[in-house]
Amino acid sequence: MTEQSAADRPLRIAIVGAGPAGIYAADALMKSDAEVSIDLFERMPAPFGLIRYGVAPDHPRIKGIITALHKVLDKPQVRLLGNIDYGTDITLDDLRTFYDAVIFSTGANADRALGIPGIGLDGSYGAADFVSWYDGHPDVPRTWPLDAEKVAVLGVGNVALDVARVLAKTGDELLPTEIPPNVYAGLKANKALEVHVFGRRGPAQAKFTPLELRELDHSPTIEVIVDPEDIDYDEGSEAARRHSKQVDMIANTLEQWAIRDVGNRPHKLFLHFFESPAEILGEDGRVVGLRTERTQLDGTGNVKGTGNVKGTGTFKEWDVQAVYRAVGYLSQNLTNLPFDDQAGTVPNEAGRVIGDENADGADRYVPATYVTGWIKRGPVGLIGHTKGDANETVACLLDDSANFTPAERPELDAVTEFLESKGIPFTTWQGWYRLDAHERSLGEPEGRERVKVVEREDMLRASEPHKV
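Rules used throughout
Residues numbered from 1 in each chain as written. Predicted model: local features only at pLDDT ≥ 70, side-chain atom pairs only at ≥ 80, totals over all residues. Heavy atoms only, no water. UniProt positions renumbered as here; feature names shortened; annotations may be inferred. Helix = DSSP H or I, 4+ residues; strand = E, 2+ residues; numbered from the N terminus. Contact = heavy atoms within 4.5 Å. Polar contact = N/O pair within 3.5 Å; in protein donor to acceptor, adjacent residues only side chain to side chain. Buried < 20%, exposed > 50% of the residue type's maximum accessible area, 1.4 Å probe, protein only. Phe/Tyr/Trp six-rings, centres within 6.5 Å; stacked < 30°, edge-to-face > 60°. Lys NZ or Arg CZ within 6 Å of the ring centre and 35° of its normal. Pairing = 2+ DSSP bridges. Axes fitted to C-alpha atoms, helices over the stretch in contact; angles between N-to-C directions. 1 Å grid on protein atoms, 1.4 Å probe; cavity = no way out; pocket = protein on both sides within 12 Å on 5 of 7 lines; lining within 4 Å. Points joined across faces, edges and corners; volume = space filled by probe spheres on them. Nonpolar A, V, L, I, M, F, W, Y, C, P; charged D, E, K, R; others polar. Salt bridge = Lys/Arg side-chain N within 4 Å of Asp/Glu carboxyl O. Domains from an automatic or database assignment. Buried area = accessible area lost by both parts, 1.4 Å probe.

- An unreviewed UniProt entry lists the chain under the name ferredoxin--NADP(+) reductase, with Nocardia colli given as the organism.
- In its Sequence similarities (unreviewed entry) section, the UniProt entry covering the chain states "Belongs to the ferredoxin--NADP reductase type 1 family."
- Quoted verbatim from the Cofactor (unreviewed entry) field of the UniProt record, the comment on the chain reads "FAD".

The structure is reproduced here in structure tokens:
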């Protein structure tokens, strides 16, 4: 950056993606010694990303993170510009015109593929799509087919448990939450009586958190069932329990459930371990069952980079009419940025985007371009882990800032005039306050905290685009 631009104005930063990762990056920038001016661009009319559209509605504790994020977005150094689709409404070249540097924090919202036969059958779904439906995402269908009485969920992470719990609960149990009317109507008609969660490894290798696991048993309508034969540990698993309080807590909870008598709650939720999905069975194009292969521990415990289990050659068929794969999220390719399709991330070093892997030093990186969050390291870890990502990325950005090419039009009005000239109805932080108040007013007559607005046009109408 030239001496004049550094001395006369704040560092202008664009952050693409206003979920936790992007907001944490804005917070890290504002807590630095640098004078900064930040614009957060968000594809949705409302901020908060996966907290609004990826957290189950019966998890208000996690949604409480929004309170902390609010404090960041309330700061005068940061603006929210919502309902703007990167790559369509604004390009990387456009951003370079208005900003000295760009941070991408677009997260991951698609389903990772699962390469088994039958995955394309009617009745085979991605967990991310189902989560988007029950969280009232405006870009997914308003209805969801919930006519299966027996359902399989593949995966043993927190998303798998969220999906299983929502499928097993009644619509009336979820009505006090923020679910919109179309979701309540769908869940009210849900026919699922049995939900089977399958993990190919053992209890000591499960990826969910202890709290998330225990919450399964809190519903008065859900009977959680664990087969005692699935409680098995090898030496590596025992070592994992000794070295991780979390692993030990999960194992203890599962052991307790395995030895208790099965109660009479109407909905049964089975947690199966050592069952590796091999094929989704179909008939006339629809799911009619699931075939799994029994596995056994291979002695590697929780060692990263190992399979932990091996197949036994023994197969079993399960009577289910729907299958949800919850085997991980996947980030989307970003226009004009390199992308690693296998990892689902933008190639980077400590947040600096790599443009030429064969180059050395500064020539290796795309100038003034950074990533943070799941687009940086993949969809692993809890929401709080993105703080460390943000701090690392922001530290690199500030280290590089002396060499930035100054933005041609860094003034605050330049980018908003550009968006208005294209006829884009962008939303603002003040608009979020209006939408928030509207959603709360919808919930008040029913004694609910809020009722989420689903339709994009309704969100825009409540937000009053452009209005400060």
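Next comes the rest of the account.
**Quick word on the UniProt feature "binding site: NADP(+)" (unreviewed entry) in the chain**
Item 1. Those places that UniProt annotates as "binding site: NADP(+)" (unreviewed entry) correspond, in this numbering, to Arg200, Arg201, Glu212 and Gly381.
Item 2. Looking at the element boundaries, Glu212 is found in helix 11 (residues 210-215).
Item 3. With near-sequence residues (within four places) excluded, Glu212 lies in contact with His59, Asn158, Leu161, Asp162 and Arg165.
Item 4. Here the side chain of Glu212 touches Arg165 through a polar contact of 3.4 Å, side chain to side chain.
Item 5. Take Gly381: it is sitting in the loop between helix 14 (374-377) and helix 15 (386-400).
Item 6. By relative accessible area, Gly381 is classed as partly exposed at 39%.

**Considering the packing of aromatic side chains**
The description of an aromatic ring pair rests on the distance of the ring centres and on the angle between the ring planes.
Item 1. For the coordinates displayed, the defined rule picks out 17 aromatic pairs.
Item 2. Measuring from ring centre to ring centre gives 5.8 Å for Phe41 and Tyr99, while their planes differ by 85°; the resulting arrangement is edge-to-face. In this pair, Phe41 sits in strand 2 (residues 36-42) while Tyr99 sits in the loop between helix 6 (92-98) and strand 4 (101-104), placing the two residues 58 residues apart along the sequence. As far as burial versus exposure is concerned, Phe41 and Tyr99 are alike and both buried.
Item 3. Chaining the aromatic ring pairs together yields one cluster made of Tyr125, Phe130, Trp133, Tyr134, Trp144 and Tyr324.
Item 4. The cationic tip of Arg241 hangs over the ring face of Tyr233; the distance from NZ or CZ to the ring centre is 4.8 Å.
Item 5. Across the ring face of Trp318, the terminal group of Lys316 is positioned such that the distance to the ring centre comes to 4.1 Å.

**Digging into the UniProt feature "binding site: FAD" (unreviewed entry) in the chain**
Item 1. Under the UniProt annotation, "binding site: FAD" (unreviewed entry) lies at Ala21, Glu42, Leu50, Trp374, Gly381, Leu382 and Ile383.
Item 2. Relative to the assigned elements, Ala21 resides in helix 2 (residues 20-31).
Item 3. Sequence-distant contacts of Ala21, defined by excluding residues within four places in its chain, comprise Ser105, Thr372, Gly373, Thr386 and Ala390.
Item 4. According to the relative accessible area criterion, Trp374 is buried, its value standing at 17%.
Item 5. In this structure Trp374 touches Leu50, Gly107, Ala108, Tyr329, Ser331, Thr345, Pro379, Val380 and Gly381, once residues within four positions along its chain are discounted.

**A closer look at the sheet that holds strand 2**
Item 1. As summarised here, the arrangement of the seven strands in space is 3-2-1-4-18-17-16, forming an open sheet in which the pairing is mixed. Looking at the sheet topology across the chains shown, the edges are occupied by strand 3 (78-82) and strand 16 (348-349).
Item 2. Alignment of strand 16 against strand 17 (residues 352-354), held across two bridges, turns out to be antiparallel. Looking across to strand 17, one finds that Asn348 is bridged to Val353.
Item 3. Contacting strand 1 (11-16), strand 4, strand 17 and strand 18 (365-371), helix 15 crosses the sheet at an angle of about 150° to strand 18.
Item 4. This element, helix 16 (residues 412-421), spans strand 1, strand 2 and strand 3 of the sheet and lies at about 5° to strand 3.

**Some thoughts on empty space enclosed by the protein**
Item 1. Counted according to the given criterion, the structure contains one cavity of 30 Å³ or more.
Item 2. Put simply, the largest cavity is a space of about 40 Å³.
Item 3. Pro145, Leu146, Asp147, Ala148, Val151, Leu167, Asn190, Ala192, Ala322 and Tyr324 together form the lining of the largest cavity.
Item 4. Looking at side-chain class alone, the lining of the largest cavity contains eight nonpolar, one polar and one charged residues.

**Concerning the pattern of salt bridges**
Item 1. Per the counting criterion, the structure on display carries 39 salt bridges.
Item 2. Between Asp248 and Arg241 there is a salt bridge; the shortest N-O distance is 2.9 Å.
Item 3. Assessed through its relative accessible area of 12%, Arg241 is described here as buried.
Item 4. With a shortest N-O distance of 2.9 Å, Arg364 and Glu349 are connected by a salt bridge. Of this pair, Arg364 sits in the loop between strand 17 and strand 18 while Glu349 sits in strand 16, placing them 15 residues apart in sequence.
Item 5. On the basis of relative accessible area, Glu349 is assigned to the partly exposed category, the value being 30%.
Item 6. What you see here is one network of salt bridges that share partners, running through Arg52, Glu178, Asp436, Glu439, Arg440, Glu449, Arg450 and Lys452.

**Considering the domain arrangement of the chain**
Item 1. Taken domain by domain, the chain comprises domain 1 (11-109 + 332-424) and domain 2 (110-329).
Item 2. On a C-alpha basis, the centroid separation for the pair domain 1 and domain 2 is 33 Å.
Item 3. The partner domain 2 presents 25 residues to the 20 residues of domain 1 that form the contact.
Item 4. Together domain 1 and domain 2 conceal approximately 1700 Å² of surface at their shared face, both sides included; 52% is due to carbon and sulfur atoms.
Item 5. Among the residues domain 1 hides against domain 2, the three largest losses belong to Tyr53, Pro57 and Asp58. Together they make up 33% of the total.
Item 6. Between the two partners, domain 1 and domain 2, sit three salt bridges.
Item 7. Notably, a salt bridge pairs Asp58 with Arg165, separated by 2.7 Å at the nearest N-O pair.
Item 8. Along the contact surface separating domain 1 from domain 2 lie nine residue pairs in polar contact (both at pLDDT 80 or more).
Item 9. For the side of domain 1 that touches domain 2, the elements supplying multiple residues, two or more each, are helix 3 (49-53) and helix 4 (60-63).

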